[in-house]
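Analysis of the macromolecular model
Chain by chain, the residues:
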Amino acid sequence: MPAPESPLPRNTRLFVWFRLLFNCRFYYPVYTVLFLDFGLNLEQFALLNVVWAVSIVLLEVPSGALADVLGRRNMVVLAAVLMVVEMLVFAMLPVGGPWVFWVFIVNRVISGAAEAMASGADEALAYDSIPASEQSTVWPRVMARLSRWMALGFIVSSLIGAFVYDASSVNRALSFIGWEHADLAKQITLKFPIYLCVLTALLCLLVTLAMREPQERVGTVHATFRDNMRASMRGIREAGAWIWRTPAPLLLMTLGFLLDSIVRLFYTVSSNYYRLIGLPEASFGVISVLSSLAAFFTTHWMEWLVRHRSSKFNFALVIAMVAWGLVVLANPLPGWWGILAIAPLLLSMRFFQFFLSHYLNEVTSSERRATVLSFRGMTMNLAYGAVTLLFGWQTAFLSGRLGVGSEDSRVFAAALKWWPCWFAGTMVAYVLFRAWRLRKLEASVRGTDGPDKA
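Going by an unreviewed UniProt entry, the protein carries the name Putative MFS family arabinose efflux permease and comes from Roseimicrobium gellanilyticum. Taken verbatim from the UniProt record of the protein, the Subcellular location (unreviewed entry) comment is "Membrane".

The structure is reproduced here in structure tokens:
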């Protein structure tokens, strides 16, 4: 009979709670319409998303480097504080009015800063809290628990958030429990998901305050602010140089942003695909719930794969899942058959994130871990932004070619035909880049060892 597994370290358990409370937000199922109901238009909404993304990209790597200098716990606590401020600004914002857009700008900058402060620091803190001899076996357990709870968290937050946002649903529920003449206006209930996020933000802050910096990392803070900034800038340069000259992290990140960008693009436009295959809008939430349930029940497969299969096998599996999904998108099946056929694509992001976290942490030393993980986040966000921009150009080109508006379903269907070719091209480019980088490394090793080693 196998021995029972030891309890997870305190910081790793708190890390799971932090990620759950930080990311499972009740307004996500009504994200776009919520902003529009506050009085914004689509152009302003798009600009706010750009401001949010730019804030993350600009702050992500510097915040990771500061985490390696000032302490990962300090940066995670700061991220939680910023989340509280972000949610309070959101909750106190009046519906309509001349200042709404500018207050949202402030909100998006704070939100992006919170994301950047957490990126890399939370994972590095949790990973380095595991004894070095147990990291390769305990971390998959941590990621498996995180994946399960995140799946459940997204289901619960999506269902509750969508329900409390809708005034008619809330009023029916109040009438059912005996509140006579329940007649809450939409202007009131649209803030209910935000109020719930204020509560989760406060809980998130309490979780971070309960975290502890590992003993071996205590005392790395320098005496002055200038010295800390210099140390963080030096950490960025050293981490960037290490990534470039070390094949394992470089190739992991390169493959990472190639896979992440195309799958995230699909998530962004998935509702268009659901419409294309003839599904009613009421089913979109059901698809999200089913996807999360599938992720919950396949988590043990991810854990088993990192324990029993090589990194090459596991990433080849993800590539196959993505490739299959993109071919199906290019040749869509009608109705729910179209959802069943793209199930591997819907699950690929979970598998990929699990594998990338495991292998990248495994090859990264503790002193630069948060900085390296922040480089991972920055490159992925940049790649996603670039692919989204290319998709915009593609739809504009196809719209002119077909002589219809860009919102026409034929434009989207034509765009999907190109995606498998794009993905195949990026994978070929990755294979060529990998071969070139490994040859360069081999040549440098021969040059160091002398001609007799060639």
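1. Section: the overall build of the protein
Tallying secondary structure elements over the protein gives 18 helices and zero strands in all. Its C-alpha atoms give the protein a radius of gyration of 23 Å, near enough to 22 Å, the size a compact globule of 454 residues would have. The buried share of the protein, taken over its 454 residues, is 50%. Contacts spanning at least 24 positions in sequence make up 83% of the contacts within the protein whose residues lie at least 6 apart. Counting only carbon and sulfur atoms, one obtains 68% of the accessible surface of the protein, whose full area is about 21,800 Å².

2. Some words on the side chain of E123
Position of E123 among the secondary structure elements: in helix 6 (residues 121–128). Every residue in contact with E123, bar those within four places of it in the chain, is listed here: F15, R19, W139, S357, N361, L373 and R376.

3. Regarding the packing of aromatic side chains
One pass over the structure, following the stated rule, counts 26 aromatic pairs. With 6.4 Å between their ring centres and 45° between their planes, W244 and F433 make a pair best called tilted. In this pair, W244 sits in helix 11 (residues 225–245) while F433 sits in helix 18 (residues 409–449), placing the two residues 189 residues apart along the sequence. Measuring from ring centre to ring centre gives 6.3 Å for W244 and W436, while their planes differ by 50°; the resulting arrangement is tilted. Taken together, the positions of W244 in helix 11 and W436 in helix 18 put the pair 192 residues apart, joining distant regions of the chain. A relative accessible area of 44% places W244 in the partly exposed class. The ring of F22 is capped by R25, whose NZ or CZ atom sits 5.1 Å from the centre of that ring.

4. Thoughts on the environment of L305
Here L305 shows up in helix 13 (residues 284–308). Spatially, the C-alpha atoms of L305 and P140 are 9.8 Å apart, while their sequence positions differ by 165 residues. Setting aside its immediate chain neighbours within four residues, L305 contacts F313, N314, L317, F351 and F355.

5. Topic: a positive patch on the surface
A grouping of R10, R13, R145 and R212 is seen on the molecular surface, where their side chains present a positively charged patch. Inspection of the secondary structure assignment puts R145 in helix 7 (residues 135–165).

6. A short note on the domain arrangement of the protein
Split into domains, the protein comes out as domain 1 (9–214) and domain 2 (242–441). Of the residues lining the interface, 31 residues belong to domain 1; the matching set on domain 2 comes to 32 residues. Buried surface at the junction of domain 1 and domain 2, summed over both partners, amounts to about 2,600 Å²; 61% is from carbon and sulfur atoms. Inspection of the domain 1/domain 2 interface yields two salt bridges.

7. A look at the nonpolar core
Core analysis: the biggest nonpolar cluster contains 136 residues, and Y273 and W419 have the highest contact counts within it. The biggest single contributor to this core is helix 12 (residues 247–276), with 14 residues. Here this core spans two domains, since at least three of its residues come from each of domain 1 (9–214) and domain 2 (242–441). W419 has contacts with I262, L265, F266, V269, L326, L329, F391 and Q394, leaving out every residue within four places of it along the chain.

8. Quick look at the confidence of the model for the protein
Mean pLDDT over the protein: 86, with 93% of residues reaching 70 or higher. Here residues 448–454 is a poorly scored stretch, pLDDT under 50, and it has one contact once near neighbours within four places are set aside; other chains count.

9. Considering the packing of helix 1 (residues 10–23) against helix 10 (residues 192–209)
Helix 10 packs onto helix 1 with a crossing angle of 160° between their chain directions and a minimal axis gap of 9 Å. Judged by the inter-axis angle, helix 1 sits roughly antiparallel to helix 10. Along this stretch, helix 1 crosses helix 10, giving a crossing that reads as left-handed. Where helix 1 approaches helix 10, its residues L14, W17, F18, L21 and F22 are matched on the opposing element by T200, L203, C204, V207 and T208.

10. Things to note about helix 5 (residues 100–118)
The end-to-end C-alpha separation of helix 5 is 27 Å, in line with the 27 Å expected for 19 residues at 1.5 Å each. Taken across its 19 residues, helix 5 has 15 buried, putting it largely inside the fold. Two residues or fewer past helix 5, G120 is found with a positive phi of approximately 90°.

11. What about a nonpolar patch on the surface?
The grouping of L47, V50, V54, L58 and L59 at the surface amounts to a nonpolar patch, some 420 Å² of accessible area in total. Tracing the chain through its elements places V50 in helix 3 (residues 42–70). You can call V50 partly exposed: its relative accessible area is 46%.

12. Brief notes about the state of the cysteines
Each disulfide consists of one covalent bond between the sulfur atoms belonging to two cysteines. Per the stated rule, a full pass over the model turns up zero disulfides. Free of any disulfide, C197 has its nearest cysteine sulfur in C24, 10 Å distant. A relative accessible area of 0% means that C197 is categorised as buried.

13. Section: the environment of L317
The topology assignment puts L317 in helix 14 (residues 311–330). Between the C-alpha atoms of L317 and F351, which are 34 residues apart in sequence, the distance is 9.1 Å.

Rules and cut-offs
Residues numbered from 1 in each chain as written. Predicted model: local features only at pLDDT ≥ 70, side-chain atom pairs only at ≥ 80, totals over all residues. Heavy atoms only, no water. UniProt positions renumbered as here; feature names shortened; annotations may be inferred. Helix = DSSP H or I, 4+ residues; strand = E, 2+ residues; numbered from the N terminus. Rg over C-alpha atoms; globule rule 2.2 N^0.38 Å. Buried < 20%, exposed > 50% of the residue type's maximum accessible area, 1.4 Å probe, protein only. Contact = heavy atoms within 4.5 Å. Areas by Shrake-Rupley, 256 points an atom, 1.4 Å probe, with all protein chains shown as cover. Phe/Tyr/Trp six-rings, centres within 6.5 Å; stacked < 30°, edge-to-face > 60°. Lys NZ or Arg CZ within 6 Å of the ring centre and 35° of its normal. Patch = residues over 30% accessible without salt bridge, like charges linked within 9 Å, V, L, I, M, F, W, Y side chains within 5 Å. Salt bridge = Lys/Arg side-chain N within 4 Å of Asp/Glu carboxyl O. Lys, Arg positive; Asp, Glu negative; His and termini not counted. Charge placed at Lys NZ, Arg CZ, Asp CG, Glu CD. Domains from an automatic or database assignment. Buried area = accessible area lost by both parts, 1.4 Å probe. Core = buried A, V, L, I, M, F, W, Y, C linked by side-chain atoms within 4.5 Å. pLDDT = per-residue confidence, 0-100. Axes fitted to C-alpha atoms, helices over the stretch in contact; angles between N-to-C directions. Parallel < 35°, antiparallel > 145°, perpendicular 65-115°, else oblique. Left-handed = near helix turned anticlockwise from the far one by under 90°. Expected span 1.5 Å × (residues − 1). Disulfide = S-S within 2.5 Å.

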